[in-house]
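Tertiary structure, described
Chain residues, written in single-letter form:
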Amino acid sequence: MAEIEKVLIIGSGPAGYTAAIYAARSGLKPLLISGLEPGGQLMITTEVENFPGFENPVQGPWLMEQMKNQALSFGTKIHNDRVVKVEFNNYPFQVITEKNSQISSYSVIISTGAKAKWLNIPGEENFMGFGISACATCDGFFFKNKDVAVIGGGNTAVEEALYLANLCKKVTLIHRRNQLRAEKILQDRLFQKKNVRILWNSVVNEFIGSDKPKTLEKLLISSGKKSSELKVDGAFVAIGHSPSTEIFKNSLNMDSEGYIHTENKSTKTSIDGIFAAGDVTDKIYRQAVTAAGMGCMGALEVEEFLSKKSII
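**Remarks on the packing of aromatic side chains**
Evaluation of the coordinates by the stated rule reveals seven aromatic pairs. Between Phe88 and Phe93, the aromatic rings sit 5.7 Å apart at their centres with planes inclined by 80°, giving edge-to-face as the arrangement. With 5.0 Å between their ring centres and 90° between their planes, Tyr91 and Phe93 make a pair best called edge-to-face. You can call Tyr91 partly exposed: its relative accessible area is 37%.

**Points about the state of the cysteines**
According to the stated counting rule, one finds one disulfide in the structure shown. Covalently, Cys135 is tied to Cys138 through a disulfide, its sulfur atoms 2.2 Å apart. Classification of the bridge connecting Cys135 and Cys138 rests on its S-S torsion, roughly 70°, and on that basis the disulfide is right-handed. Residue classification places Cys135 among the buried positions, given a relative accessible area of 16%. When its relative accessible area of 28% is taken as the criterion, Cys138 is described as partly exposed.

**So, the environment of Glu183**
By secondary structure assignment, the location of Glu183 is in the loop between strand S11 (170–174) and helix H6 (184–191). Look at Glu183 and you get partly exposed, because its relative accessible area is 45%.

**Here's the deal with the environment of Tyr22**
Following the sequence through the fold, Tyr22 ends up in helix H1 (residues 13–25). Exposure remark for Tyr22: the relative accessible area of 36% places this residue in the partly exposed category. As a C-alpha pair, Tyr22 and Ser242 span 220 residues in sequence and 27 Å in three-dimensional space.

**Examining the sheet that holds strand S6 (residues 102–105)**
In space, the three strands of this open sheet follow the order S4-S5-S6, with antiparallel pairing throughout. Sheet topology places strand S4 (83–87) and S6 at the edges, where each strand pairs with a single neighbour. When strand polarity is set aside, the average angle formed by the axes of neighbouring strands in this sheet is 25°. Two strands pair when backbone bridges link them, and strand S5 (residues 93–97) and S6 are joined in this way by four bridges, in the antiparallel orientation. For Ile96, the partnering residue across the bridge sits in S6 and is Gln102.

Conventions adopted
Residues numbered from 1 in each chain as written. Predicted model: local features only at pLDDT ≥ 70, side-chain atom pairs only at ≥ 80, totals over all residues. Heavy atoms only, no water. Phe/Tyr/Trp six-rings, centres within 6.5 Å; stacked < 30°, edge-to-face > 60°. Buried < 20%, exposed > 50% of the residue type's maximum accessible area, 1.4 Å probe, protein only. Disulfide = S-S within 2.5 Å. Helix = DSSP H or I, 4+ residues; strand = E, 2+ residues; numbered from the N terminus. Pairing = 2+ DSSP bridges. Axes fitted to C-alpha atoms, helices over the stretch in contact; angles between N-to-C directions.

Purely geometric numbers; function is a separate question.
Structural data, given as structure tokens:
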């Protein structure tokens, strides 16, 4: 019979790697399945200034590589594969990967993360990380006293605009409809900001800039039959996030957006022995440091769970 893992970590990034570090240091010899995009969203983040421990900005991919190496140094096993099917009704739990590996485990930590929704228009991919961002709290500081645009009309967009209004010279919110979908209290706060203006019934069609050095310079916008250009130093796409939870939908309790439910102040899910950490369960903070903290919580709770089961 194949060996049964003590703990299986599905997904990498700050949550997955931190969970692996803590689990490995506890002697659990975790197996981590890295997923489709090893390292998560930080792999497309050029400079990270707000992760504790670094006086100067560090590159997102470098930070993820350091976390990965730290996990490996304590004995984590990492497979560059992707889980495509889970069976959580039986115990030990079982998963099947894209490379057709069948893995059994006494516990599982899910850290598959979430992805920002993008516009998928010309120039977006080219200037991603070079003027285009999906996280104001991550990257807003780089645009202090500059002109920026926020694209969207829901809670995410208005919250981003409010945050940026306290940093930037001018914030232009671009929305395709004639009214916002955000909660009224957020709208009221936004309308009170003197350095925020709203372009109603407007759609961004293209991001335009320079390649030497790579810098976003302006947006091509259409409103009805009219087209115009908006000069900006940065643009924040804020049309929401999608948690990577499709394969768990028939197994775990989730909210209407697909975020996994966890117990209050815990990473425990609706199934005993299954834990969730990071953006896969967090729609509020979505920061590398909070994801890492939840990864730590998940590993500690796994250790407690396995101890009660007399598996360790």
